[in-house]
Amino acid sequence: MSARKGPGGPAEPAGDAGAAAIEIRGLRKSFGDNEVLSGIDFHVDAGEVVCVIGPSGSGKSTLLRCVNLLEEPSAGTVRVAGAEVTDPDIDIDAARRRIGMVFQSFNLFPHLTALGNVTIAQRKVLKRDRAEAERVARANLERVGLADKVAEYPGRLSGGQQQRVAIARALAMDPRVMLFDEPTSALDPELVGDVLGVMRELAEDGMTMLVVTHEMSFAREVADRVVFMDGGVVVEEGPPSRVLDDPEHERTRTFLARVL
Ligand code: ADP
Ligand code: MG
């Protein structure tokens, strides 16, 4: 399933098949004098799940935000599904449409039902008609286990249910990749499992996923690779069993000793 490929040349057309789903090269990001990302290189192949772990402030959220252009990188390139999203001439809206993003805070519209929340961007951005958008919304709400909640408003849903609506909302846009930024960090512990269960099913269905998480058991069981970041660099990466059980670097060991 994973189509590995070397660095693509500059003439590579947008959206070609076979490229790494996400390819990050020499990525740097500064806020004023504060360099938060100091040269990040890694890739996520199609169908792969890569978990990013690391201490607070190490640049994990900034990394994800550079991948979907919520932040403008200071240097380096990011490619998603073969298209260079850091190309200044790219259609940013088209590029973002390839990327589903799920944040710690779910940011649902409180005045719309679950169905309305999953429908609205399909209609406004993808210009789907109401019937089609609702059909897709229902299918995705069913996929995240909320078939019986389509008519419910966010205020009447648990945090875990709201986060699953947010996942359905992202999936309804037919993303090529899904980015998750600590999707369970804001949830009560008893609600975490349902959200991780949905993410695990997505992974099993072959979705390409880049997941920032502190859930080490999820990383261990679901990730194809784990990337450990500290101080704006990738300290090490590899299969979960290697990085989590037998890390090469002292910084990784120190971090794991705190969280495991
Ligand atoms: P993590 O997600 O690993 O906790 P972040 O990417 O959120 O780390 O933050 C890394 C560093 O970048 C922090 O020092 C943070 O204060 C800084 N930072 C993040 N976003 C901004 C911003 N918009 N403006 C200034 N500094 C920022
Ligand atoms: Mg963060």
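Residues numbered from 1 in each chain as written. Chains lettered and ligands numbered in written order. Predicted model: local features only at pLDDT ≥ 70, side-chain atom pairs only at ≥ 80, totals over all residues. Heavy atoms only, no water.

Trainee: Could you give me a rundown of unusual backbone geometry, with the residues and numbers involved?
Mentor: Peptide bonds are, in most cases, trans, and in most cases residues other than glycine have a negative phi. In this model, K127 sits at a positive phi of 60°, which is unusual for a non-glycine residue. Tracing the chain through its elements places K127 in the loop between α3 (114–124) and α4 (130–143). Its identity is not glycine, yet D174 carries a phi of approximately 55°, on the positive side. (Helix = DSSP H or I, 4+ residues; strand = E, 2+ residues; numbered from the N terminus.)

Trainee: Break down the environment of P239 for me, with residues and values.
Mentor: Take P239: it is sitting in the loop between β10 (233–238) and α8 (240–245). Look past the residues within four positions of P239 in its chain and what remains in contact with it is D224 and R225. (Contact = heavy atoms within 4.5 Å.)

Trainee: An account of the site of ligand 1 is requested, with residue identities and associated values reported.
Mentor: Every residue lining ligand 1 is accounted for by F31, N34, V36, P55, S56, G57, S58, G59, K60, S61, T62 and E71. Here K60 contributes a side-chain N or O atom positioned 2.8 Å from an oxygen atom of ligand 1. A distance of 2.9 Å separates an oxygen atom of ligand 1 from a polar atom in the side chain of S61. Burial of ligand 1 by the protein amounts to 58% of the accessible area it has alone, namely 560 Å². Of all the elements in the fold, those that place two or more residues in the shell around ligand 1 are β2 (34–44) and α1 (60–67). When residues of the shell around ligand 1 are assigned to their parent elements, the largest contribution, 3 residues, is made by α1. Looking at the shell around ligand 1, its residues break down into 3 nonpolar, 7 polar and 2 charged. (Near = heavy atom within 4 Å. Polar contact = N/O pair within 3.5 Å; in protein donor to acceptor, adjacent residues only side chain to side chain. Areas by Shrake-Rupley, 256 points an atom, 1.4 Å probe, with all protein chains shown as cover. Nonpolar A, V, L, I, M, F, W, Y, C, P; charged D, E, K, R; others polar.)

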